[in-house]
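# Structure assessment
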Amino acid sequence: LDGHAGGESSPSFSDVEFSGNSATYGGAIYSYGASGDSSPTYNQVSFLNNDAADHGGAVHNDGYNGGASYGQFTDAVFTGNTAASSGGAVFNDGGTSGASSPTFSDATFLDNTAGESGGAMFNWGDSGESSPTFQGATFTNNDATDFGGALYSDGDGGSSTPQLTDVTIQLS
């Protein structure tokens, strides 16, 4: 999904399953808002057993270079996704004055794995902002080799302040 260079790419997905996909970044979806906007809407979607050779086993949201990636996930399930580096299920990157702050409502993160940090999700401000909002989410049995079995947030010259309401984190 490419909204870079001032463009916009914000499709809607409803009742969709993304399963067994692989890529270097974002095993199933790479939402690229560099200098533009890529903010898809996901309703009743499942991300199952996707794999990234680097970041974002299922989804990589990238607001690089002043862009935006504000996906909205409602009734989303992330199960068995893996990333060799960070963000077993989701990697949010606000790089270089950008913003990647998606919203998750009634989301489930189960059995996701990161080779480094953020078993389910890694939020990287990276001189921008990465502050997702969670309203009703469950994180169960997610794993990271280094930091944050469920969630890992790193402002890194920017900000990363996730907002969590009615969230359960267990066995992560």
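First, a word on scope: everything that follows refers to the structure included in this document. (Residues numbered from 1 in each chain as written. Predicted model: local features only at pLDDT ≥ 70, side-chain atom pairs only at ≥ 80, totals over all residues. Heavy atoms only, no water.)

## Section: the sheet that holds strand β13 (residues 121–124)
The strand order across the open sheet built from five strands is β3-β6-β10-β13-β16, with neighbouring strands paired in parallel fashion. For this open sheet the edge positions go to β3 (29–32) and β16 (151–154), each flanked by a neighbour on one side alone. Here the strands of the sheet are splayed against their neighbours by 5° on average, with no regard to which way each runs. Relative to β13, strand β10 (residues 90–93) runs parallel, the two sharing four bridges. For Val 90, the partnering residue across the bridge sits in β13 and is Met 121. (Pairing = 2+ DSSP bridges. Helix = DSSP H or I, 4+ residues; strand = E, 2+ residues; numbered from the N terminus. Axes fitted to C-alpha atoms, helices over the stretch in contact; angles between N-to-C directions.)

## Some details on the sheet that holds strand β5 (residues 51–52)
Judged by pairing direction, the sheet is parallel, and its five strands sit side by side in the order β2-β5-β9-β12-β15 without closing on themselves. The open sheet has two edge strands, β2 (22–23) and β15 (143–144), and neither has a second partner. The pairing of β2 with β5 spans two bridges and is parallel. Within β5, the residue paired with Ala 23 across the bridge is Ala 52.

## Notes on the nonpolar core
Proteins that are soluble and globular tend to have nonpolar side chains buried together. In terms of nonpolar packing, the biggest core is built from 22 residues, with Phe 47, Val 59, Phe 73, Phe 78, Val 90, Phe 104 and Phe 109 touching the most fellow members. Of all the elements in the fold, those that place two or more residues in this core are β1 (12–19), β4 (41–48), β11 (103–110) and β14 (133–140). Leaving out residues up to four positions away in the same chain, Phe 78 has contacts with Phe 47, Ala 58, Val 59, Phe 73, Ala 89, Val 90, Phe 104, Thr 108, Phe 109, Leu 110 and Asn 112. (Core = buried A, V, L, I, M, F, W, Y, C linked by side-chain atoms within 4.5 Å. Buried < 20%, exposed > 50% of the residue type's maximum accessible area, 1.4 Å probe, protein only. Contact = heavy atoms within 4.5 Å.)

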